[in-house]
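Single-letter residue listing:
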Amino acid sequence: MVLFLDIEGAFPNAVPKRLVHNLRKRGIPSKYANFVNSMLQNRITTLRFNRYSSTPIQINNRIRQGDPLSMVLYQYYNTDLLDIPKSKDEDAMAYVDDTLLLAIADNFEVAHCKLADMMEREGGVMDWSTTQLLT
């Protein structure tokens, strides 16, 4: 049985401090993690439409969607999802904001229970969803 997760608003809701934490946790050299950190700091945007321009707005979250590096950065942002499977009958795969959780079992009920456990266990998907919001 497979459960597909599509992370809504992935790029605009990414927390830079969490991304840098995940880069360091995965052994990315400090000079690269520091580069990403500085790249995502002190950013502003201005909204423009018709003849109106807003005052500059500080951007605290987000990975710049469309930036060639953004796809790689988001892979690191959600990479902890790949650590959730704990047995040979469980697996996970991810590409950017799409994740697949796999449970192998002899019947639907057991597979369903395994998927529910991957969602609800300590360090599971529900825990991941709240820790990713931490700054």
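Please refer to the structure placed before this passage.
Here is a short report on the structure shown in this document. None of the values given here were measured: they were computed from a predicted structure. (Residues numbered from 1 in each chain as written. Predicted model: local features only at pLDDT ≥ 70, side-chain atom pairs only at ≥ 80, totals over all residues. Heavy atoms only, no water.)

### Brief notes about the pairing of strand 6 (residues 90-95)
1) Next: Here six bridges tie strand 6 to strand 7 (residues 98-103), and the two strands are oriented antiparallel to one another. From the neighbouring strand, Tyr95 faces strand 7, where its bridge partner is Asp98.
2) Next: Hairpin connection of strand 6 to strand 7: two residues between the antiparallel strands, including Val96 at a positive phi of 55°. (Pairing = 2+ DSSP bridges. Helix = DSSP H or I, 4+ residues; strand = E, 2+ residues; numbered from the N terminus.)

### Structural notes on the sheet that holds strand 1 (residues 2-6)
1) Next: Spatially, the three strands line up as an open sheet ordered 1-7-6, and their pairing is antiparallel. The open sheet is flanked by strand 1 and strand 6, the only strands paired with a single partner. Strand-to-strand twist in this sheet, taken as the mean axis angle between neighbours without regard to direction, amounts to 15°.
2) Next: In this structure, strand 1 lies alongside strand 7, joined through five bridges in antiparallel fashion. Looking at strand 7, one finds that Phe4 is bridged to Leu100.
3) Next: Here helix 5 (residues 108-120) sits on the sheet in contact with strand 1, strand 6 and strand 7, set at roughly 135° to strand 7. (Axes fitted to C-alpha atoms, helices over the stretch in contact; angles between N-to-C directions. Contact = heavy atoms within 4.5 Å.)

### Brief notes about unusual backbone geometry
Leaving glycine out, the prevailing phi sign among residues is negative, and the prevailing peptide bond configuration is trans.
1) Next: Although it is not a glycine, Asn50 adopts a positive phi angle of roughly 50°.
2) Next: Of note, the phi angle at Val96 is positive, near 55°, even though the residue is not glycine.
3) Next: Relative to the elements of secondary structure, Val96 occurs in the loop between strand 6 and strand 7.

### Examining the packing of aromatic side chains
1) Next: Taken as a whole and assessed by the stated rule, the structure comprises three aromatic pairs.
2) Next: When the ring of Phe11 is compared with that of Tyr74, the centres are 5.5 Å apart and the planes differ by 50°; the resulting orientation is tilted. Of this pair, Phe11 sits in helix 1 (residues 10-13) while Tyr74 sits in helix 4 (residues 70-77); the two residues are 63 residues apart in sequence, bridging distant segments of the chain. Of the two residues examined, Phe11 and Tyr74, each falls in the buried class.
3) Next: Summarising the aromatic geometry, the rings of Phe49 and Tyr52 are spaced 5.3 Å apart at their centres and angled 45° between planes, so their arrangement reads as tilted.
4) Next: Judged by its relative accessible area of 44%, Tyr52 is partly exposed.
5) Next: By the ring-pair criterion, three or more aromatic residues cluster together here, those being Phe11, Tyr74 and Tyr77. (Phe/Tyr/Trp six-rings, centres within 6.5 Å; stacked < 30°, edge-to-face > 60°. Buried < 20%, exposed > 50% of the residue type's maximum accessible area, 1.4 Å probe, protein only.)

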